[in-house]
Amino acid sequence: MATIQKILAPVNWEFTSPSERLYTSDHVIDAYLTGKNEALEQTEKLIVDKLKTNINNSGSYTNEILKYLKKQKFNPIGAYLKINSWDDFSILLILPENEFLSDKIYSVYDYLTNLEDNVGSEFYKLNVSIYDTDGEIDDSCIKADGFNLKHKSSK
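Keep in mind that what you see is a predicted model, and the values were worked out from it rather than measured. (Residues numbered from 1 in each chain as written. Predicted model: local features only at pLDDT ≥ 70, side-chain atom pairs only at ≥ 80, totals over all residues. Heavy atoms only, no water.)

Student: Looking at this structure, I do not really get helix α4 (residues 105-119). What am I missing?
Tutor: Working note: α-helix, 3.6 residues per turn, so residues spaced by three or four point in the same direction. If you check α4, its first and last C-alpha atoms are 21 Å apart, about what 15 residues at 1.5 Å a residue would give, namely 21 Å. Those residues of α4 lying buried are I105, V108, L112, L115 and V119. Take α4 and look down its axis: the buried residues cluster within an arc of 75 degrees, on one side only. Exposed side of α4, more than 90 degrees from the buried face: Y106, D110, D117 and N118 are the residues found there. Buried positions along α4 lie against α2 (25-71), β2 (88-96), α3 (97-100) and β3 (125-133). (Helix = DSSP H or I, 4+ residues; strand = E, 2+ residues; numbered from the N terminus. Expected span 1.5 Å × (residues − 1). Buried < 20%, exposed > 50% of the residue type's maximum accessible area, 1.4 Å probe, protein only. Arc of directions from axis to C-beta. Contact = heavy atoms within 4.5 Å.)

Written out as structure tokens, the structure is:
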């Protein structure tokens, strides 16, 4: 009991000065929130930069695909891009129905599968789909599916 009284006795305690760098819980919380906000800003900047890079890459890969198709005697009608997330992209290629139904389309699928596998990384995923048509393309239907960007050199 005597030990407890010594510990609790006012003479055994003194106020700490601010120069000793002791912080209140409010200081710790403020520092945490400041650090968290700075980290979120940096993460947002990195994601936006990566998004821009990935959009440019998708455009380049679309160009490569269209060149390949033309080299294989296909006549692509259009190419569209869908951004699923900052690191996940889908390309929609539209071909005339007779070309889509021909046997030579199998080589295109092989090419696209290899391309998707080779360009995929931790920060970039690409999925390419082929669609056929025997008439006009309704851009509003394609936009409704989320393909909001049309490739400029398409048609």
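There's plenty left to go through after this.
Student: What is the right way to read the sheet that holds β3 from this model?
Tutor: Paired through their backbone hydrogen bonds, the strands of a sheet run either parallel or antiparallel. A sheet is described by the order of its strands in space; here four strands give the open sequence β3-β2-β1-β4, paired in mixed fashion. A single partner strand is all that each edge strand has here, and the edge strands are β3 and β4 (149-150). In terms of strand pairing, strand β1 (residues 78-85) meets β2 through seven bridges, oriented antiparallel. Bridged to L81 within β2 is I91. With respect to the sheet, α2 is in contact with β1, β2 and β3, its orientation differing from that of β2 by roughly 25 degrees. Across the sheet, α4 touches β2 and β3, and the angle it forms with β3 is around 160 degrees. (Pairing = 2+ DSSP bridges. Axes fitted to C-alpha atoms, helices over the stretch in contact; angles between N-to-C directions.)

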